[in-house]
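Listed below, chain by chain, are the residues.
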Amino acid sequence: MASFPSSTITPLGAARMLFGVVPDWSFVGADGSKFYLGGGRSPILSCQDGMGLTGVPYGLQAPPVLLDEQGARQDGITNLDTVFDPAIIKLPLEASGVTPQSLRTTVRTWISSWNPPNVGTLNCVTQELGQWWMPVRQYKAIPDKLQQDPSLHRRLEFEWTCRGDNAF
């Protein structure tokens, strides 16, 4: 089972964790692969192999659907229930590799860890709120229309879309 980055935590990462500056984001794939995406354990992009958040993940709250009924001569509505649609989560990411080969391995491992029939776990940990997690699955394919071969720069920036089927 792969872990990205595979090296020990850096002094900068340790300081971020100690002072709780940024939340720790991670993804554990159905195959056991672990990616530290943000926070103290995340990779230093262009210096370590891994995936890093380049912005804040969004779409974490599942949209509510109000189930209502209205009679033919009724003013207003009668609310019957509330259900939730799945959460569509977008992760602004950058894949990083020390070498062109390691960048390709990192991206291939990332895609492989999102085996669509199975679910992985997206995690967020903060010192004041503890751990939040959601079982997620791949929702859209990785964007593959590239301006230039990413191995030339050993970096690939893209937006990853996943879906949390069970809102809570």
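Chemist: How should I be thinking about the pattern of salt bridges in this particular structure?
Modeler: A side chain with one charge may pair with a side chain of the opposite charge, provided their charged atoms come close. Tallying each qualifying case throughout the model produces three salt bridges. The residue arginine 137 makes a salt bridge to aspartate 165 at a minimum N-O spacing of 2.7 Å. Taken together, the positions of arginine 137 in strand E9 (residues 130-138) and aspartate 165 in the segment after strand E10 (155-164) put the pair 28 residues apart, joining distant regions of the chain. Since its relative accessible area comes to 32%, aspartate 165 is described here as partly exposed. Within this structure, Arg137, Arg163 and Asp165 form a network of salt bridges that share partners.

Chemist: Can you walk me through the packing of aromatic side chains in this structure?
Modeler: Two aromatic rings are characterised by how far apart their centres lie and by the angle between their planes. Within this structure, the stated rule accounts for nine aromatic pairs. Between the aromatic rings of phenylalanine 4 and phenylalanine 35, the centroid separation amounts to 4.9 Å while the plane-to-plane angle is 10°, which identifies the pairing as stacked. Of the two residues, phenylalanine 4 is situated in strand E1 (residues 3-4) and phenylalanine 35 in strand E3 (residues 34-38); the sequence distance between them amounts to 31 residues. Measuring from ring centre to ring centre gives 5.4 Å for tryptophan 114 and tryptophan 160, while their planes differ by 50°; the resulting arrangement is tilted. Here tryptophan 160 lies in strand E10 and tryptophan 114 lies in the loop between helix H2 (100-113) and strand E8 (120-126), a separation of 46 residues in the sequence. Across the pair, exposure class does not vary: tryptophan 114 and tryptophan 160 are buried alike.

Chemist: For this particular structure, what's the right way to read the pairing of strand E4 (residues 50-53)?
Modeler: Two faces make up the sheet, and in a regular strand the side chains alternate between them. On E4, burial covers both faces: Gly50 and Gly52 on one face and Met51 and Leu53 on the other are all buried. Strand direction decides the pairing type here: E4 and strand E7 (residues 87-96), joined by four bridges, are antiparallel. What sits directly across from methionine 51, in E7, is alanine 95.

Chemist: I'm lost on the nonpolar core in this one. Help?
Modeler: A general tendency of soluble globular proteins is for nonpolar side chains to be buried together. Counting residues in each nonpolar core, the largest one holds 26 residues, and the members touching the most others are Leu37, Leu93, Trp110, Phe158 and Trp160. Taken together, the elements giving at least two residues each to this core come down to strand E2 (24-28), E3, E4, E7, H2, E8, E9 and E10. The biggest single contributor to this core is E7, with five residues.

Chemist: Looking at this model, I keep getting lost on the pairing of E3. Mind explaining?
Modeler: Of all five residues that make up E3, four are buried, and the element is covered over most of its length. Two strands pair when backbone bridges link them, and E1 and E3 are joined in this way by two bridges, in the parallel orientation. What sits directly across from serine 3, in E3, is lysine 34. Sheet analysis places E2 next to E3, joined by four bridges and oriented antiparallel. Looking at E3, one finds that valine 28 is bridged to lysine 34. The hairpin turn running from E2 into E3, its antiparallel successor, is five residues long, and glycine 32 in that turn takes a positive phi close to 90°.

Here is what the cut-offs are and how they apply
- Residues numbered from 1 in each chain as written.
- Predicted model: local features only at pLDDT ≥ 70, side-chain atom pairs only at ≥ 80, totals over all residues.
- Heavy atoms only, no water.
- Salt bridge = Lys/Arg side-chain N within 4 Å of Asp/Glu carboxyl O.
- Helix = DSSP H or I, 4+ residues; strand = E, 2+ residues; numbered from the N terminus.
- Buried < 20%, exposed > 50% of the residue type's maximum accessible area, 1.4 Å probe, protein only.
- Phe/Tyr/Trp six-rings, centres within 6.5 Å; stacked < 30°, edge-to-face > 60°.
- Pairing = 2+ DSSP bridges.
- Core = buried A, V, L, I, M, F, W, Y, C linked by side-chain atoms within 4.5 Å.

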